[in-house]
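Working through the structure, step by step
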Amino acid sequence: MQQGQGGSGPAGNDKKIQQLENFRTAHNNQTLTTNMGLKLSHTDDSLKAGERGPTLMEDFHFREKITHFDHERIPERVVHARGFGAYGYFQVYQPMTEYTKAKFLQDPSLKTPVFVRFSTVVGSRGSADTARDVRGFATKFYTEEGNYDIVGNNIPVFFIQDAIKFPDLIHAVKPEPHNEVPQATSAHDTFWDFVVNTPETAHMIMWLMSDRAIPRSFRMMEGFGVNTFRFVNAKGKARFVKFHWKPVLGVHSLVRDEAQKLSGKDPDFHRRDLWDAIDQGNYPEFEFGVQMLEEEQEFKFDFDILDPTKFWPEELVPVKIIGKMTLNRNVDNFFAETEQVAFCPGNVVPGIDFSNDPLLQGRLFSYQDTQLIRLGGPNFHQIPVNRPVAPIHNNQRDGYHRMSVDQGVVSYFPNMLQQNTPTPVAEGAGGYVHYAEKVEGRKIRERSKSFQDFFSQATLFWNSMSVVEKAHIIDAFHFEAGSVQDKQIKQRVVDMFNYVAPELARQIALGIGANPPSEQGGTGVTAASPAVSQQNTIQSPKTRKVAVLAANGFCYTGLTQVVTALTNAGVSADIVSSRMGMITSSDGKQTEAAKDFTTADALLYDAVYVPGGIESIQELAKTLDARNFVNEAFKHDKTIAAADDGVDFLKTSDAGKVQLAQPDSGGKLSSGLGVATVRGAADWAAFGEEFLKLIAIDRHWARHL
Ligand code: HDD
């Protein structure tokens, strides 16, 4: 498919998109000029004193071009440096008047424009998308009352309880300072040294070692506001609230080996996926949910609701689904929009307020502060992507790169010269008033005792995992802690996670050459929270990708009937062959192989299909890459399908371990362990349906249990 130019998607009546239109500049069919608007006659040679002479100082075109180039990098984000963004809109399902006065949560017919940036945390800007890491999920709502940001992650808890520990955490996880190795991974000594010396990380580490940390797609992961906020209604009544994004396509992940290999095969795997989905009109959708607690319920739980290393289990505090966000427009320019977007959890609107969560309190400072260096001064709110659609009037002036031409003599308050304008307004007229929480206490540098239980929810998470998810967590620990050089740290990992779950600790020890735990361990927690297991997620084949392996002599009916069934169900199919270009079927019809075995790889697809055709199969059988393709898909528990002679090809691969259709199966299909096969199909539609069902299941773990 031809890659889109960006800026695709309906403009609609979106105020943000209209506002951006004022800044968009198209350069096609235009004359080349300097930044001063001077038309240029030549840009391939600098101005020299004689044909072979030195370049002249007066060459303003050379100086401008090189100077701009020399200065065109800005510091990358200190965390979440690698990310990818898109525009869209948000609509509430029903008025939330009872709970919050936030205007964008009142009217179901109102579409509030949004910009979302997904990110990894640890890697630098050029690192790979599929690293094991937390994913950032930051949403900017351009509301009529000003910008509101939910700066969340795809994991509902955090590593630390107090923001003052954030620099320590990040220094430990980033590449080690002496040699800047390793890139974009927590699998190294300094990170695990920090972990074993900071037991409050235990719960988050469980999530980080789980499949949540290697999502299949940004479109298939949850988002969480993590910190506890407040909803405040027009009567001034407040409730504690946690925010959730639930992907309509369900929560799906890669497997470790696949994620690591993808880092090489396609470092842009997630950004390409998001871009293509929007470009093709498969707009990603996320439902918005809130968990709410009455103020009287603050001390009702066996964890502190202000502790960011704890989540509120959905079984105790249900998630009320209140709206939906749709992402429908790619950016025009990555740097201008995705790189320069500036989020801050402190950007709120009336009806939304903060809690005393000590991590949140620190975050409220850090984000504005970091933009000052990253975006070079205090006027970053005037960069197009950051501009609110609400009007801005205040007495702030000057600073680097001020864009607005602020008129008048008044830049202070109170004033007579401008009749005390711009004027602060009362709460009733939309003025923001902080929730008047009563606070008293002595100054103290201490952690609340109610924050001291580090392990119970880590056990709860472990208990909630399916057999497969547990196996993946153990595998992740083997890789991560196994990559640590220091034996003492390795042992401490085993000992720390013995507090969470003795069985887990024993399994970790087995894999990393450490001693099994010597103490009894465990927390005694036996409860589970089914909502956190991905086993219970939505299954859908929509937007999945299938590789169709075929060569000259393929069976036209077997290929086209199945590809049609797939595309009708919103699944895309690429024909992969030994060479790109047209291939001819056994009955002389042509179709195009869009990919070959150098440009395609099983890692890039959710499923594989091998149609019949004796010559085609003979050709594939000679191709080691074709067999490896199926083996790799089989290894990663992906769906595999084959028809007629294609079934014989499967027999030469690892998929041959599964019971396949027999030569005389007379049109019946057989399907087991995620491998669907048919011979002499009487009903291609039924075969297509079976294939789609298996694609929706996604991974067929039973193969490797
Ligand atoms: Fe943060 C960026 C999410 C704790 C300091 N953070 C950043 C981004 C996300 C989060 C999604 C990327 C925004 C973008 O796409 O531009 N951060 C979180 C979550 C946290 C969290 C969910 C825990 C609940 N962060 C956290 C703490 C601090 C920071 C405790 C500092 C005390 N975060 C920053 C930052 C960043 C940032 C340094 C880097 C770039 C930026 O802000 O704009 O200020």
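Thresholds, definitions, all that
Residues numbered from 1 in each chain as written. Predicted model: local features only at pLDDT ≥ 70, side-chain atom pairs only at ≥ 80, totals over all residues. Heavy atoms only, no water. UniProt positions renumbered as here; feature names shortened; annotations may be inferred. Near = heavy atom within 4 Å. Polar contact = N/O pair within 3.5 Å; in protein donor to acceptor, adjacent residues only side chain to side chain. Nonpolar A, V, L, I, M, F, W, Y, C, P; charged D, E, K, R; others polar. Pairing = 2+ DSSP bridges. Helix = DSSP H or I, 4+ residues; strand = E, 2+ residues; numbered from the N terminus. Buried < 20%, exposed > 50% of the residue type's maximum accessible area, 1.4 Å probe, protein only. Contact = heavy atoms within 4.5 Å. Salt bridge = Lys/Arg side-chain N within 4 Å of Asp/Glu carboxyl O.

Where an unreviewed UniProt entry is consulted, the chain appears under the name Catalase, with the organism given as Dendrosporobacter quercicolus. UniProt lists a comment for the chain under the heading Catalytic activity (unreviewed entry), and it reads "2 H2O2 = O2 + 2 H2O". The Function (unreviewed entry) comment attached to the chain in UniProt states, word for word, "Decomposes hydrogen peroxide into water and oxygen; serves to protect cells from the toxic effects of hydrogen peroxide."

If you check the shell around the ligand, you find 22 residues, and the closest are Arg 77, Arg 117, Arg 363, Tyr 367 and Gln 371. Note that an oxygen atom of the ligand is positioned 2.7 Å from one of the side-chain N or O atoms of Arg 77. A distance of 3.4 Å is found between a nitrogen atom of the ligand and a side-chain nitrogen or oxygen belonging to His 80. Taken together, the residues of the shell around the ligand sort by class into 11 nonpolar, 8 polar and 3 charged.

So, on to the sheet that holds strand 18 (residues 669-672). Taken together, the 7 strands give an open sheet; going across it, the order is 15-12-11-16-17-19-18, and neighbouring strands pair in mixed fashion. Edge positions in the sheet fall to strand 15 (595-596) and strand 18, since each has one partner strand and no second. Note: strand 17 (residues 639-643) against strand 19 (residues 675-678), 4 bridges, orientation parallel. Bridge pairing in strand 19 links Ile 640 to Val 675.

The next point concerns the UniProt feature "active site" (unreviewed entry) in the chain. UniProt's feature table lists "active site" (unreviewed entry) at His 80 and Asn 153, given in the numbering used throughout. For the residues just named, distributed over 74 residues, the greatest C-alpha separation is only 10.5 Å, placing them together at one site. In this fold, His 80 is placed in the loop between helix 2 (60-70) and strand 1 (83-92). What makes His 80 buried here is its relative accessible area of 19%. What His 80 contacts, discounting residues up to four positions off in sequence, is Arg 117, Ser 119, Thr 120, Val 121, Gly 136 and Asn 153.

It is worth spelling out the pattern of salt bridges at this point. Under the defined criterion, the tally for this structure stands at 42 salt bridges. The salt bridge partner of Asp 268 is Arg 272, with a shortest N-O separation of 4.0 Å. By relative accessible area, Arg 272 is classed as partly exposed at 38%. Close ionic contact of Arg 544 with Asp 698 constitutes a salt bridge, the shortest N to O distance being 3.4 Å. Of this pair, Arg 544 sits in the loop between helix 13 (502-512) and strand 11 (545-549) while Asp 698 is found in the segment after helix 18 (684-697), placing the two residues 154 residues apart along the sequence. When salt bridges with common partners are traced through the structure, they connect Arg 216, Arg 219, Glu 258, Asp 273, Arg 544, Asp 606, Lys 638, Asp 698 and Arg 699 into a single cluster.

The positions that UniProt labels "binding site: heme" (unreviewed entry) are, in the present scheme, Arg 77, Arg 117, Phe 166, Arg 363, Tyr 367 and Arg 374. With respect to the helices and strands, Arg 363 occurs in helix 9 (residues 358-374). The contact partners of Arg 363, leaving out residues within four places of it in the chain, are Val 151, Ala 163, Gly 225, Asn 227 and Pro 345. Within the local environment of Arg 363, its side chain forms a polar contact with the side chain of Asn 227, the two groups lying 2.7 Å apart. Judged by relative accessible area, Arg 374 falls into the buried class, the value being 3%. In terms of polar contacts, Arg 374 uses its side chain to reach the backbone carbonyl oxygen of Glu 339, at 2.7 Å.

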